[in-house]
Amino acid sequence: MGSNSKLVSAINRIIRGYFPKKITESPIPKKVSSASEKESTFIDEDVSIPYCGKKECEPSSSYRTPCSCVTKIIDAMADKFKDPGKFPKNAISDDESFHKFAEQTLHIGNVSPTRENIKIIEMASLYADTLNLQDFNLNHLLEIHRLVMIKDDQLAGQIRDKDVVIQSPNKDARQTPPPHELHEHLENYFKWFRAEINSETNTLIFAAMAKYHLLTIHPFGDGNGRTSRIILNAILRKSTRMPCWVTIPADEIAKYHAVLDIAQDNKNYNPYLAYVTDCIKRSVANYEDGVRLRKQQQFMLLIMAAIMIQNGSYVSAAVVYYLFLIQWQRG
(Lines give C-alpha, C1' and ligand atoms only; values in the text may rest on other atoms or scores of the structure.)
Protein backbone atom coordinates (compact mmCIF):
# COMPACT_ATOMS: atom_id res chain seq x y z
CA MET A 1 0.00 0.00 0.00
CA GLY A 2 2.86 2.35 0.80
CA SER A 3 4.35 2.10 -2.68
CA ASN A 4 0.92 2.61 -4.28
CA SER A 5 0.26 5.74 -2.22
CA LYS A 6 3.64 7.09 -3.31
CA LEU A 7 2.72 6.44 -6.94
CA VAL A 8 -0.62 8.21 -6.52
CA SER A 9 1.10 11.12 -4.84
CA ALA A 10 3.64 11.33 -7.64
CA ILE A 11 0.88 11.24 -10.28
CA ASN A 12 -0.98 14.04 -8.47
CA ARG A 13 2.17 16.16 -8.49
CA ILE A 14 2.51 15.54 -12.22
CA ILE A 15 -1.12 16.46 -12.83
CA ARG A 16 -0.75 19.69 -10.87
CA GLY A 17 2.36 20.52 -12.88
CA TYR A 18 0.71 19.69 -16.18
CA PHE A 19 -2.50 21.59 -15.72
CA PRO A 20 -1.41 24.89 -14.17
CA LYS A 21 -3.81 27.74 -13.67
CA LYS A 22 -3.96 30.17 -16.55
CA ILE A 23 -1.30 32.83 -16.24
CA THR A 24 -3.09 36.16 -16.05
CA GLU A 25 -0.36 38.38 -14.69
CA SER A 26 1.75 40.34 -17.12
CA PRO A 27 5.34 39.31 -17.88
CA ILE A 28 6.74 42.54 -16.42
CA PRO A 29 10.46 42.42 -15.63
CA LYS A 30 11.15 42.60 -11.94
CA LYS A 31 12.58 45.85 -10.62
CA VAL A 32 16.34 45.79 -10.93
CA SER A 33 19.06 47.55 -9.05
CA SER A 34 22.29 47.24 -11.03
CA ALA A 35 23.21 49.91 -13.59
CA SER A 36 23.70 47.39 -16.39
CA GLU A 37 20.26 45.93 -15.83
CA LYS A 38 18.62 49.35 -15.67
CA GLU A 39 19.95 50.17 -19.14
CA SER A 40 17.66 47.52 -20.62
CA THR A 41 14.52 49.21 -19.24
CA PHE A 42 13.06 51.00 -22.23
CA ILE A 43 10.33 52.95 -20.47
CA ASP A 44 11.22 54.54 -17.15
CA GLU A 45 8.96 54.17 -14.12
CA ASP A 46 8.19 57.86 -14.61
CA VAL A 47 5.77 57.41 -17.50
CA SER A 48 6.14 61.02 -18.61
CA ILE A 49 9.78 60.51 -19.62
CA PRO A 50 10.06 61.57 -23.30
CA TYR A 51 12.88 59.22 -24.29
CA CYS A 52 13.64 55.53 -24.17
CA GLY A 53 15.66 55.58 -20.97
CA LYS A 54 19.06 56.41 -22.49
CA LYS A 55 20.63 59.83 -22.89
CA GLU A 56 21.85 59.13 -26.42
CA CYS A 57 18.32 58.44 -27.67
CA GLU A 58 17.31 61.64 -29.41
CA PRO A 59 13.73 62.20 -30.57
CA SER A 60 13.04 60.79 -34.02
CA SER A 61 10.16 61.90 -36.24
CA SER A 62 10.92 59.09 -38.70
CA TYR A 63 10.06 55.51 -37.78
CA ARG A 64 12.52 54.38 -40.46
CA THR A 65 15.46 55.66 -38.38
CA PRO A 66 14.71 54.46 -34.84
CA CYS A 67 17.05 54.83 -31.89
CA SER A 68 19.45 52.18 -30.60
CA CYS A 69 16.88 50.92 -28.07
CA VAL A 70 14.65 49.81 -30.93
CA THR A 71 17.39 48.47 -33.21
CA LYS A 72 18.90 46.38 -30.38
CA ILE A 73 15.59 44.62 -29.81
CA ILE A 74 15.12 44.04 -33.53
CA ASP A 75 18.69 42.78 -33.97
CA ALA A 76 18.27 40.39 -31.01
CA MET A 77 15.32 38.72 -32.75
CA ALA A 78 16.49 39.08 -36.35
CA ASP A 79 17.60 35.47 -36.83
CA LYS A 80 14.31 34.00 -35.65
CA PHE A 81 12.17 36.28 -37.77
CA LYS A 82 14.30 35.64 -40.84
CA ASP A 83 14.18 31.88 -40.26
CA PRO A 84 10.93 30.76 -38.53
CA GLY A 85 12.50 27.33 -38.08
CA LYS A 86 14.49 28.83 -35.20
CA PHE A 87 11.32 29.19 -33.17
CA PRO A 88 10.75 26.19 -30.89
CA LYS A 89 8.69 23.56 -32.66
CA ASN A 90 5.05 23.86 -31.66
CA ALA A 91 1.65 24.46 -33.22
CA ILE A 92 1.51 27.72 -35.17
CA SER A 93 -1.25 28.88 -32.83
CA ASP A 94 -0.37 28.56 -29.15
CA ASP A 95 -3.43 28.30 -26.87
CA GLU A 96 -1.85 29.80 -23.75
CA SER A 97 -0.28 32.62 -25.74
CA PHE A 98 -3.59 33.42 -27.42
CA HIS A 99 -5.56 33.26 -24.16
CA LYS A 100 -3.20 35.79 -22.61
CA PHE A 101 -3.40 38.05 -25.68
CA ALA A 102 -7.23 37.96 -25.74
CA GLU A 103 -7.54 38.46 -21.99
CA GLN A 104 -5.17 41.43 -21.87
CA THR A 105 -6.68 42.95 -25.04
CA LEU A 106 -10.10 42.89 -23.42
CA HIS A 107 -8.79 44.31 -20.15
CA ILE A 108 -7.18 47.27 -21.96
CA GLY A 109 -10.50 47.92 -23.72
CA ASN A 110 -12.34 47.82 -20.38
CA VAL A 111 -14.23 44.72 -21.52
CA SER A 112 -14.75 41.77 -19.19
CA PRO A 113 -12.62 38.77 -20.32
CA THR A 114 -15.49 36.30 -20.22
CA ARG A 115 -15.34 33.08 -22.22
CA GLU A 116 -17.80 34.58 -24.74
CA ASN A 117 -15.73 37.74 -25.22
CA ILE A 118 -12.50 35.77 -25.59
CA LYS A 119 -14.24 33.67 -28.25
CA ILE A 120 -15.16 36.89 -30.07
CA ILE A 121 -11.52 38.02 -30.11
CA GLU A 122 -10.58 34.55 -31.35
CA MET A 123 -13.05 34.77 -34.27
CA ALA A 124 -11.75 38.19 -35.32
CA SER A 125 -8.11 37.08 -34.98
CA LEU A 126 -8.63 33.90 -36.99
CA TYR A 127 -10.31 35.91 -39.74
CA ALA A 128 -7.37 38.35 -39.81
CA ASP A 129 -4.99 35.39 -40.02
CA THR A 130 -6.66 34.25 -43.25
CA LEU A 131 -6.16 37.55 -45.09
CA ASN A 132 -3.66 38.19 -47.84
CA LEU A 133 -2.10 41.35 -46.44
CA GLN A 134 -0.96 42.42 -49.89
CA ASP A 135 -4.64 43.06 -50.62
CA PHE A 136 -5.61 44.43 -47.20
CA ASN A 137 -8.39 46.96 -47.68
CA LEU A 138 -11.29 48.78 -46.03
CA ASN A 139 -13.69 45.84 -46.36
CA HIS A 140 -11.26 43.60 -44.48
CA LEU A 141 -10.83 46.20 -41.74
CA LEU A 142 -14.59 46.62 -41.38
CA GLU A 143 -15.05 42.86 -41.13
CA ILE A 144 -12.42 42.56 -38.39
CA HIS A 145 -14.17 45.35 -36.50
CA ARG A 146 -17.59 43.79 -37.09
CA LEU A 147 -16.38 40.58 -35.48
CA VAL A 148 -14.76 42.45 -32.59
CA MET A 149 -17.97 44.40 -31.91
CA ILE A 150 -20.41 41.67 -32.91
CA LYS A 151 -22.47 42.21 -29.74
CA ASP A 152 -23.15 45.86 -30.67
CA ASP A 153 -25.24 46.10 -33.85
CA GLN A 154 -25.02 49.89 -34.01
CA LEU A 155 -21.21 50.08 -33.95
CA ALA A 156 -20.05 46.78 -35.46
CA GLY A 157 -18.28 47.32 -38.78
CA GLN A 158 -19.41 50.95 -39.01
CA ILE A 159 -17.24 54.02 -39.55
CA ARG A 160 -18.14 56.47 -36.80
CA ASP A 161 -20.34 59.45 -37.63
CA LYS A 162 -19.67 61.37 -34.43
CA ASP A 163 -16.71 63.23 -32.98
CA VAL A 164 -14.71 61.24 -30.44
CA VAL A 165 -12.43 62.63 -27.74
CA ILE A 166 -9.72 60.33 -26.35
CA GLN A 167 -9.11 60.69 -22.64
CA SER A 168 -5.54 59.65 -21.86
CA PRO A 169 -4.64 58.92 -18.21
CA ASN A 170 -1.43 60.94 -18.59
CA LYS A 171 -2.59 64.15 -20.28
CA ASP A 172 -5.50 66.24 -21.43
CA ALA A 173 -8.09 64.83 -23.81
CA ARG A 174 -7.14 64.51 -27.50
CA GLN A 175 -9.47 65.25 -30.37
CA THR A 176 -9.59 62.61 -33.12
CA PRO A 177 -10.18 63.40 -36.82
CA PRO A 178 -13.75 64.53 -37.52
CA PRO A 179 -16.08 62.02 -39.21
CA HIS A 180 -16.11 63.79 -42.60
CA GLU A 181 -12.32 63.30 -42.88
CA LEU A 182 -12.22 59.61 -41.96
CA HIS A 183 -12.64 58.13 -45.43
CA GLU A 184 -9.76 60.23 -46.75
CA HIS A 185 -7.58 59.23 -43.78
CA LEU A 186 -8.43 55.56 -44.30
CA GLU A 187 -7.73 55.77 -48.03
CA ASN A 188 -4.28 57.18 -47.22
CA TYR A 189 -3.81 54.51 -44.56
CA PHE A 190 -4.32 51.66 -47.02
CA LYS A 191 -2.06 53.33 -49.60
CA TRP A 192 0.62 53.60 -46.92
CA PHE A 193 -0.02 49.99 -45.80
CA ARG A 194 0.39 48.52 -49.29
CA ALA A 195 3.52 50.58 -49.95
CA GLU A 196 5.14 49.63 -46.63
CA ILE A 197 4.41 45.92 -46.83
CA ASN A 198 6.46 45.82 -50.05
CA SER A 199 9.22 48.09 -48.75
CA GLU A 200 12.39 47.33 -46.83
CA THR A 201 10.91 48.58 -43.55
CA ASN A 202 11.51 46.06 -40.78
CA THR A 203 8.40 43.93 -40.17
CA LEU A 204 8.33 44.67 -36.44
CA ILE A 205 8.39 48.41 -37.08
CA PHE A 206 5.83 48.13 -39.87
CA ALA A 207 3.46 46.16 -37.60
CA ALA A 208 3.86 48.68 -34.77
CA MET A 209 3.25 51.63 -37.09
CA ALA A 210 0.23 49.99 -38.73
CA LYS A 211 -1.27 49.75 -35.26
CA TYR A 212 -0.24 53.33 -34.41
CA HIS A 213 -1.70 54.94 -37.54
CA LEU A 214 -5.01 53.14 -37.15
CA LEU A 215 -5.27 54.25 -33.52
CA THR A 216 -4.49 57.83 -34.54
CA ILE A 217 -7.22 57.83 -37.19
CA HIS A 218 -9.61 56.22 -34.68
CA PRO A 219 -12.18 55.31 -37.34
CA PHE A 220 -14.68 53.54 -35.07
CA GLY A 221 -16.89 54.57 -32.20
CA ASP A 222 -15.43 51.77 -30.05
CA GLY A 223 -13.11 48.79 -30.46
CA ASN A 224 -10.25 50.68 -32.17
CA GLY A 225 -7.63 49.34 -29.77
CA ARG A 226 -8.78 45.73 -30.02
CA THR A 227 -8.91 45.95 -33.82
CA SER A 228 -5.44 47.52 -34.03
CA ARG A 229 -3.89 44.85 -31.78
CA ILE A 230 -5.40 42.10 -33.92
CA ILE A 231 -3.88 43.74 -37.02
CA LEU A 232 -0.50 44.03 -35.26
CA ASN A 233 -0.55 40.27 -34.62
CA ALA A 234 -1.84 39.42 -38.09
CA ILE A 235 1.07 41.27 -39.70
CA LEU A 236 3.65 39.57 -37.49
CA ARG A 237 2.15 36.10 -37.84
CA LYS A 238 1.56 36.32 -41.59
CA SER A 239 4.86 38.00 -42.46
CA THR A 240 7.18 36.13 -40.10
CA ARG A 241 5.27 32.93 -39.20
CA MET A 242 5.66 33.94 -35.56
CA PRO A 243 3.92 31.15 -33.62
CA CYS A 244 2.76 33.17 -30.62
CA TRP A 245 0.56 36.19 -29.95
CA VAL A 246 1.96 39.56 -28.90
CA THR A 247 0.47 40.86 -25.69
CA ILE A 248 0.42 44.45 -24.48
CA PRO A 249 -0.04 43.94 -20.72
CA ALA A 250 -3.12 45.62 -19.28
CA ASP A 251 -1.29 46.67 -16.11
CA GLU A 252 1.21 48.61 -18.23
CA ILE A 253 -1.56 50.78 -19.61
CA ALA A 254 0.00 53.99 -18.23
CA LYS A 255 3.28 53.31 -20.02
CA TYR A 256 1.43 52.33 -23.18
CA HIS A 257 -0.57 55.56 -23.24
CA ALA A 258 2.51 57.62 -22.34
CA VAL A 259 4.53 56.45 -25.34
CA LEU A 260 1.46 56.73 -27.58
CA ASP A 261 0.92 60.32 -26.43
CA ILE A 262 4.57 61.19 -27.13
CA ALA A 263 4.30 59.80 -30.65
CA GLN A 264 0.99 61.51 -31.41
CA ASP A 265 1.77 64.88 -29.82
CA ASN A 266 5.50 65.26 -30.55
CA LYS A 267 5.93 62.97 -33.57
CA ASN A 268 8.71 61.22 -31.65
CA TYR A 269 8.26 57.55 -32.42
CA ASN A 270 11.22 56.17 -30.46
CA PRO A 271 9.49 55.51 -27.11
CA TYR A 272 6.47 53.96 -28.81
CA LEU A 273 8.55 51.70 -31.06
CA ALA A 274 10.83 50.74 -28.18
CA TYR A 275 7.86 49.77 -26.04
CA VAL A 276 5.93 47.81 -28.69
CA THR A 277 9.00 45.93 -29.97
CA ASP A 278 9.87 45.13 -26.34
CA CYS A 279 6.36 43.68 -25.91
CA ILE A 280 7.02 41.54 -28.99
CA LYS A 281 10.34 40.38 -27.54
CA ARG A 282 8.79 39.51 -24.17
CA SER A 283 5.88 37.66 -25.79
CA VAL A 284 8.28 35.54 -27.85
CA ALA A 285 10.44 34.84 -24.77
CA ASN A 286 7.39 33.75 -22.75
CA TYR A 287 6.28 31.48 -25.58
CA GLU A 288 9.72 29.87 -25.86
CA ASP A 289 9.90 29.34 -22.09
CA GLY A 290 6.50 27.65 -22.18
CA VAL A 291 7.54 25.32 -25.02
CA ARG A 292 10.76 24.34 -23.22
CA LEU A 293 8.84 23.65 -20.01
CA ARG A 294 6.35 21.42 -21.82
CA LYS A 295 9.17 19.46 -23.48
CA GLN A 296 10.78 18.90 -20.07
CA GLN A 297 7.45 17.78 -18.62
CA GLN A 298 6.86 15.38 -21.52
CA PHE A 299 10.26 13.78 -21.01
CA MET A 300 9.64 13.47 -17.28
CA LEU A 301 6.29 11.76 -17.86
CA LEU A 302 7.79 9.21 -20.24
CA ILE A 303 10.52 8.37 -17.74
CA MET A 304 7.94 8.01 -14.98
CA ALA A 305 5.71 5.75 -17.11
CA ALA A 306 8.70 3.54 -17.96
CA ILE A 307 9.59 3.17 -14.27
CA MET A 308 5.99 2.26 -13.43
CA ILE A 309 5.89 -0.40 -16.15
CA GLN A 310 9.15 -1.84 -14.88
CA ASN A 311 7.61 -2.04 -11.38
CA GLY A 312 4.44 -3.69 -12.71
CA SER A 313 2.18 -0.69 -12.05
CA TYR A 314 0.52 -0.85 -15.45
CA VAL A 315 -2.64 1.11 -14.60
CA SER A 316 -0.65 3.99 -13.13
CA ALA A 317 1.70 3.91 -16.11
CA ALA A 318 -1.28 4.12 -18.47
CA VAL A 319 -2.59 7.20 -16.64
CA VAL A 320 0.79 8.90 -16.84
CA TYR A 321 1.16 7.98 -20.50
CA TYR A 322 -2.29 9.45 -21.16
CA LEU A 323 -1.11 12.71 -19.57
CA PHE A 324 1.94 12.60 -21.84
CA LEU A 325 -0.28 12.24 -24.93
CA ILE A 326 -2.39 15.23 -23.90
CA GLN A 327 0.71 17.37 -23.41
CA TRP A 328 2.27 16.11 -26.63
CA GLN A 329 -0.82 17.13 -28.60
CA ARG A 330 -0.53 20.64 -27.16
CA GLY A 331 2.96 20.86 -28.64
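Anything mentioned here points back to the structure above.
Residues numbered from 1 in each chain as written. Predicted model: local features only at pLDDT ≥ 70, side-chain atom pairs only at ≥ 80, totals over all residues. Heavy atoms only, no water.

Undergrad: Even after reading the chapter, I still don't get the nonpolar core, so can you show me in this structure?
TA: If you look at soluble globular proteins, the nonpolar side chains tend to sit buried side by side. Counting residues in hydrophobic clusters, the biggest one holds 73 residues, and the most contacted among them are Phe 136, Tyr 189, Phe 193, Met 209, Tyr 272, Leu 273 and Ile 280. Top contributing element to this core by residue count: helix α8 (residues 203-217), with 11 residues. Among all residues touching Phe 136, those that are not within four sequence positions of it are Leu 131, Leu 141, Ile 144, Tyr 189, Phe 190, Phe 193, Arg 194 and Ile 231. Judged by nonpolar contacts, the second largest core, of eight residues, contains Leu 301, Ala 305, Met 308 and Phe 324. (Core = buried A, V, L, I, M, F, W, Y, C linked by side-chain atoms within 4.5 Å. Buried < 20%, exposed > 50% of the residue type's maximum accessible area, 1.4 Å probe, protein only. Helix = DSSP H or I, 4+ residues; strand = E, 2+ residues; numbered from the N terminus. Contact = heavy atoms within 4.5 Å.)

Undergrad: What am I meant to see in the packing of helix α7 (residues 182-197) against α8 here?
TA: What describes two packed helices is the angle between their axes and the distance between those same axes. In contact at an axis separation of 10 Å, α7 and α8 are set at 175 degrees when each is read in the N-to-C sense. Classified by the angle between their axes, α7 and α8 sit roughly antiparallel to one another. Contact with α7, carried on its side by Leu 182, His 185, Leu 186, Tyr 189, Trp 192, Phe 193, Glu 196 and Ile 197, involves Phe 206, Met 209, Ala 210, His 213, Leu 214 and Ile 217 of α8 and no other residues of that element. A per-class count over the contact of α7 with α8 returns 11 nonpolar, two polar and one charged. (Axes fitted to C-alpha atoms, helices over the stretch in contact; angles between N-to-C directions. Parallel < 35°, antiparallel > 145°, perpendicular 65-115°, else oblique. Nonpolar A, V, L, I, M, F, W, Y, C, P; charged D, E, K, R; others polar.)

Undergrad: For this particular structure, what's the right way to read the pattern of salt bridges?
TA: Opposite charge on two side chains allows them to pair when their charged atoms are near. Counted under the stated rule, the structure contains nine salt bridges. Across the pair Arg 282 and Glu 252 runs a salt bridge, and its minimum N-O distance is 2.9 Å. In this pair, Arg 282 sits in helix α11 (residues 270-310) while Glu 252 sits in the loop between α9 (224-240) and α10 (253-266), placing the two residues 30 residues apart along the sequence. For the residue pair Arg 282 and Glu 252, the accessibility class agrees, reading buried in each case. Residues participating in the shared-partner salt-bridge network are Glu 252, Asp 278 and Arg 282. (Salt bridge = Lys/Arg side-chain N within 4 Å of Asp/Glu carboxyl O.)

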